[in-house]
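# Structural overview for review
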Amino acid sequence: GAGVSQSPRYKVAKRGQDVALRCDPISGHVSLFWYQQALGQGPEFLTYFQNEAQLDKSGLPSDRFFAERPEGSVSTLKIQRTQQEDSAVYLCASSLFSGGKGATIHNEQFFGPGTRLTVL
Amino acid sequence: AQSVSQHNHHVILSEAASLELGCNYSYGGTVNLFWYVQYPGQHLQLLLKYFSGDPLVKGIKGFEAEFIKSKFSFNLRKPSVQWSDTAEYFCAASGAIYRATASKLTFGTGTRLQVTL
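Residues numbered from 1 in each chain as written. Chains lettered and ligands numbered in written order. Predicted model: local features only at pLDDT ≥ 70, side-chain atom pairs only at ≥ 80, totals over all residues. Heavy atoms only, no water.

## Some thoughts on the overall build of chain B
On a plain count of helices and strands, chain B comes out with 0 helices and 12 strands. Counting helices and strands in the order they occur from the N terminus, chain B gives β-β-β-β-β-β-β-β-β-β-β-β. What you see for chain B is a C-alpha radius of gyration of 14 Å, in line with the 13 Å of a compact globule of 117 residues. The buried share among the 117 residues of chain B stands at 48%. Within chain B, contacts between residues at least 6 apart in sequence are counted, and of these 57% link residues at least 24 apart. (Helix = DSSP H or I, 4+ residues; strand = E, 2+ residues; numbered from the N terminus. Rg over C-alpha atoms; globule rule 2.2 N^0.38 Å. Buried < 20%, exposed > 50% of the residue type's maximum accessible area, 1.4 Å probe, protein only. Contact = heavy atoms within 4.5 Å.)

## Examining the confidence of the model for chain A
Reading predicted coordinates in detail is not appropriate for stretches of low pLDDT. Looking at chain A as a whole, the pLDDT averages 91, with 91% of positions reaching at least 70. The low-confidence segment residues 100–104 of chain A (pLDDT under 50) makes 4 contacts with residues lying over four places distant or belonging to another chain. (pLDDT = per-residue confidence, 0-100.)

## Focus on the sheet that holds strand E1 (residues 5–7) of chain A
Consider a sheet: its strands pair through backbone hydrogen bonds, and that pairing is either parallel or antiparallel. Residue and element names in this part refer to chain A. Taken in spatial order, the 4 strands line up as E1-E3-E8-E7 in an open sheet, and their pairing is antiparallel. The open sheet is flanked by E1 and strand E7 (65–68), the only strands paired with a single partner. Neighbour-to-neighbour, the strand axes of the sheet open up by a mean angle of 15 degrees, direction not taken into account. Where E1 and strand E3 (residues 19–24) come together, 3 bridges link them in antiparallel fashion. Along E3, the bridge assignment pairs glutamine 6 with cysteine 23. (Pairing = 2+ DSSP bridges. Axes fitted to C-alpha atoms, helices over the stretch in contact; angles between N-to-C directions.)

## Some thoughts on the state of the cysteines
Applying the stated rule across the entire model yields 2 disulfides over all chains. Two residues share a disulfide in this structure: A:Cys23 and A:Cys92, whose sulfurs sit 1.8 Å from each other. With the S-S bond torsion at -65 degrees, the cross-link from A:Cys23 to A:Cys92 turns out left-handed. A residue pair is termed long-range when its members are at least 10 positions apart, and A:Cys23 in strand E3 and A:Cys92 in strand E9 (residues 88–95) qualify at 69 residues. There is no split in this pair, since A:Cys23 and A:Cys92 are both buried. The disulfide partner of B:Cys23 is B:Cys91, and the gap between their sulfur atoms is 1.9 Å. (Disulfide = S-S within 2.5 Å.)

## With respect to the pairing of strand E5 (residues 44–50) of chain A
Residue and element names in this part refer to chain A. The buried fraction of E5 amounts to 6 of the 7 residues, a majority that puts the element mostly inside the structure. In this structure, strand E4 (residues 31–37) lies alongside E5, joined through 6 bridges in antiparallel fashion. Within E5, the residue paired with phenylalanine 33 across the bridge is tyrosine 48. What sits between the antiparallel neighbours E4 and E5 is a turn of 6 residues, in which glycine 40 has the positive phi angle 80 degrees. Taken together, E5 and the strand that follows it, strand E6 (residues 53–56), pair antiparallel across an intervening segment of 2 residues, in which asparagine 51 is found at a positive phi of about 55 degrees.

## Considerations on the packing of aromatic side chains
Taken as a whole, this structure holds 16 aromatic pairs over all chains when the rule is applied. With a centroid separation of 6.5 Å and an interplanar angle of 40 degrees, the aromatic rings of A:Phe65 and A:Tyr90 are classed as tilted. One end of the pair, A:Phe65, is in strand E7; the other, A:Tyr90, is in strand E9, with 25 residues separating them in the sequence. The same class applies to A:Phe65 and to A:Tyr90, which are both buried. Where B:Tyr36 meets B:Phe107, the ring centres are 5.9 Å apart and the plane angle is 50 degrees; that geometry is what we call tilted. Highlighted residues: B:Tyr36 in strand E5 (residues 31–38) and B:Phe107 in strand E11 (residues 106–107), separated in sequence by 71 residues. Summarising the burial analysis for this pair, B:Tyr36 and B:Phe107 share the class buried. Here the aromatic cluster, defined as three or more aromatic residues joined through ring pairs, consists of A:Phe33, A:Tyr35, A:Phe45, A:Tyr48, A:Phe111, B:Phe34, B:Tyr36, B:Phe51, B:Phe90 and B:Phe107. (Phe/Tyr/Trp six-rings, centres within 6.5 Å; stacked < 30°, edge-to-face > 60°.)

Here is the structure:
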C-alpha cells in the first residue's frame, strides 16, 4: 500500500506485560515519528528517527519506552512492564526529508491508523 | 516552551453554516503551521499547511486558514460546512526545518466538529 501502516491495530495487555508496536512507513521516507494520543487529547511527540538514527527521544515518558529502526525503514516501539497510564493510541508518521546543501526540505508528515493500546 | 491552543473543544453547526476554528501558537523562531483532520474511524490527514509566503492558505475540501503573525494565530475557516465535515480537527505547529533534522509536531487538543442536517 501507499500509506503508513501499523500493527496491531488493537492491543490489550495486562499490567506488567511487555508490548511491541510496529510501524511500516511510506517507502523512501527518511523521517519517522512516534506520537502518543491519550483519550480526548492531541497527539504528543515521543521520538524521531532519521533513517536508522534516533535523533530525538525527548518525548519518551520513561525508560520503559524504547524505540528502534535498525534498517532505516520499519520501526518498533516497545513498552516494558506496561502500566494503566500507558493506555492510549500510538501513532506513527513518516515524512520525506532531504537534507544537504541546496536540497528541498519537506515536513509534511503522513500518519498511520494508530495502535490502540489498552492496559488492564 | 512550544505550545498550540485550540479554544473550541466541541462545535455544533447546521449544514451550510460558516465555520471558524481558532488556533493560537507559542513558538520561538520561524514556525510551520498545519491543520489535520481525523474523520470517524480514520487516521489523521493533512488539510492544509503554511510554511512561508501568502498567509492565506487554501487546502482540500474548501478549507482555508490565515496565518496572522501579530496574533500568533492560524484559524481554520470554511464558508459552508457539509455533514461530511463532521470530524475532529487538530492544529499543529513545528519549528522551521534545519539541515540536520526534521521537526516534530506540537498539536493542540483538537476540536470536535459536529455538523447536523
